Amino acid sequence: MRKKIVAGNWKMNMTSDEATNLVNALKADLGNFREVEVVVCPPFTVLGVVSDLVHGTHIDLGAQNMHWEKSGAYTGEISAGMLRELYCHYVILGHSERRQYFGETDEIVNRKTRAALAASLHPIVCVGETLAEREAGQVDAVITRQVKGALAGLSAKELLDSVIAYEPVWAIGTGKTASSEQAQEVHALIRKLLAEMYDETVAGGVRIQYGGSVKPGNAKELFGMPDIDGGLIGGAALDAKSFIDIVRAAV
Ligand code: 13P
């Protein structure tokens, strides 16, 4: 039985004061909540603050990106070891905004994924097609390429330590969510791919989140689909009540 996982991707938002208020509100409601795995992914600048706040609760900490090397002359970058030092358990990798604005390719995402796993971080590996790709009938081809590329060389154990997030690019920040059927169809495709790459048992153990305009009003239906194991939440994760409602919709 896969435990549902709901993660908040704060993106480039939240000052230290704002983060403190948000996390305190989350803690008051979800601090001892065990039915769903809850993760918050603040920007680097407040990881330390949030790390201290969630210490001793059931809320886990994640980062939004990292470099694949352990250390060195990579100005502006952060390593997996640095994230571990702040008690991060998760790291979002290959988000479409990283692919679109910062040129991340499947190969880069793969390097980062392997580096994260080597440092005992759980990668949340994002995949998803653009609207143009969907309209051109390329969803299967794009998702297959991204999944195989990002996960190349992972052992079964490493795959089980990873989370996959399906985030159709056209649904991110647009208010246009994929219908639960559209999302389920791609989640099932991803699981079938994993079964081909590994086996049915391994594929059945991997958690696949949906992301893209998840709100309290649509979360329950999405999370109720057989292959949707939770969500990666952007805008709605910045508001305590919305995020808490979404987490509770996963029960
Ligand atoms: P929104 O929930 O704002 O659409 O963002 C989704 C996302 O990109 C999460 O990583």
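Bear in mind that the values here come from a model prediction, so they are computed numbers and not experimental data.

Engineer: In this structure, what is going on with the overall build of the protein? I would like to understand it.
Structural biologist: Helix and strand counts for the protein come out as 12 helices and 8 strands. Dimensions along the principal axes, computed over C-alpha positions, put the protein at roughly 45 × 45 × 35 Å. By the burial criterion, 53% of the 251 residues in the protein qualify as buried. Contacts in the protein between residues at least 24 apart in sequence constitute 73% of all its contacts with a sequence separation of at least 6. Accessible surface computed for the protein: about 11,100 Å², of which carbon and sulfur atoms make up 52%. Placing the 25 positive and 31 negative side-chain charges of the protein at their respective mean positions leaves the two points 2 Å apart.

Engineer: What's the story with the nonpolar core in this structure? I'm lost.
Structural biologist: A general tendency of soluble globular proteins is for nonpolar side chains to be buried together. Trp10, Ile190 and Phe223 are the most contacted members of the largest nonpolar core, which has 73 residues in total. With 7 residues, helix α9 (residues 180-197) is the single largest residue contributor to this core. Once you skip the residues sitting within four places of it in the chain, Trp10 turns out to touch Ala19, Leu22, Val23, Val40, Cys41, Pro42, Pro43, Val46, Val50, Gln64, Ala237 and Leu238. Cys41, Ile92, Val163 and Ala165 belong to the second largest nonpolar core, which has 11 residues in total.

Engineer: Just checking my understanding: could you explain helix α2 (residues 47-54) for this structure?
Structural biologist: Count 3.6 residues to each turn of an α-helix, and residues three or four apart come out pointing the same way. Along α2, the residues classified as buried are Leu47, Val50, Ser51, Leu53 and Val54. Axial view of α2: buried residues confined to an arc of 165°, hence all on one face. On the buried face of α2, the contacting elements are α1 (16-30), β2 (37-41), β3 (59-63) and α3 (80-85).

Engineer: Just checking my understanding: could you explain the packing of aromatic side chains for this structure?
Structural biologist: Two aromatic rings are characterised by how far apart their centres lie and by the angle between their planes. Taken as a whole and assessed by the stated rule, the structure comprises 2 aromatic pairs. Measuring from centroid to centroid gives 6.5 Å for Tyr101 and Phe102, while their planes differ by 80°, and the two rings are edge-to-face. Classification of Tyr101 as exposed rests on a relative accessible area of 57%. On the accessibility criterion, Phe102 (54% relative accessible area) is exposed. If you follow Arg98 out to its NZ or CZ, it ends over the ring of Phe102, 4.1 Å from the centre. Taking NZ or CZ as reference, Arg111 lies 4.7 Å from the ring centre of Trp68, over its face.

Engineer: Would you mind showing me how to read the environment of Tyr87 here?
Structural biologist: Mapped onto the elements, Tyr87 comes out in the loop between α3 and β4 (90-93). Overall, Tyr87 belongs to the exposed group, its relative accessible area being 59%. Between the C-alpha atom of Tyr87 and that of Leu47, which follows or precedes it by 40 residues, the distance is 9.1 Å. What Tyr87 contacts, discounting residues up to four positions off in sequence, is Ser51 and Leu61.

Engineer: Mind showing me how you'd approach α9 here?
Structural biologist: In this model α9 runs 26 Å from its N-terminal to its C-terminal C-alpha over 18 residues, within 8% of the 26 Å that 1.5 Å per residue would give. What α9 keeps buried is the set Ser180, Ala183, Gln184, Val186, His187, Leu189, Ile190, Arg191, Leu193, Leu194 and Ala195.

Calculation rules
- Residues numbered from 1 in each chain as written.
- Predicted model: local features only at pLDDT ≥ 70, side-chain atom pairs only at ≥ 80, totals over all residues.
- Heavy atoms only, no water.
- Helix = DSSP H or I, 4+ residues; strand = E, 2+ residues; numbered from the N terminus.
- Buried < 20%, exposed > 50% of the residue type's maximum accessible area, 1.4 Å probe, protein only.
- Contact = heavy atoms within 4.5 Å.
- Areas by Shrake-Rupley, 256 points an atom, 1.4 Å probe, with all protein chains shown as cover.
- Lys, Arg positive; Asp, Glu negative; His and termini not counted.
- Charge placed at Lys NZ, Arg CZ, Asp CG, Glu CD.
- Core = buried A, V, L, I, M, F, W, Y, C linked by side-chain atoms within 4.5 Å.
- Arc of directions from axis to C-beta.
- Phe/Tyr/Trp six-rings, centres within 6.5 Å; stacked < 30°, edge-to-face > 60°.
- Lys NZ or Arg CZ within 6 Å of the ring centre and 35° of its normal.
- Expected span 1.5 Å × (residues − 1).

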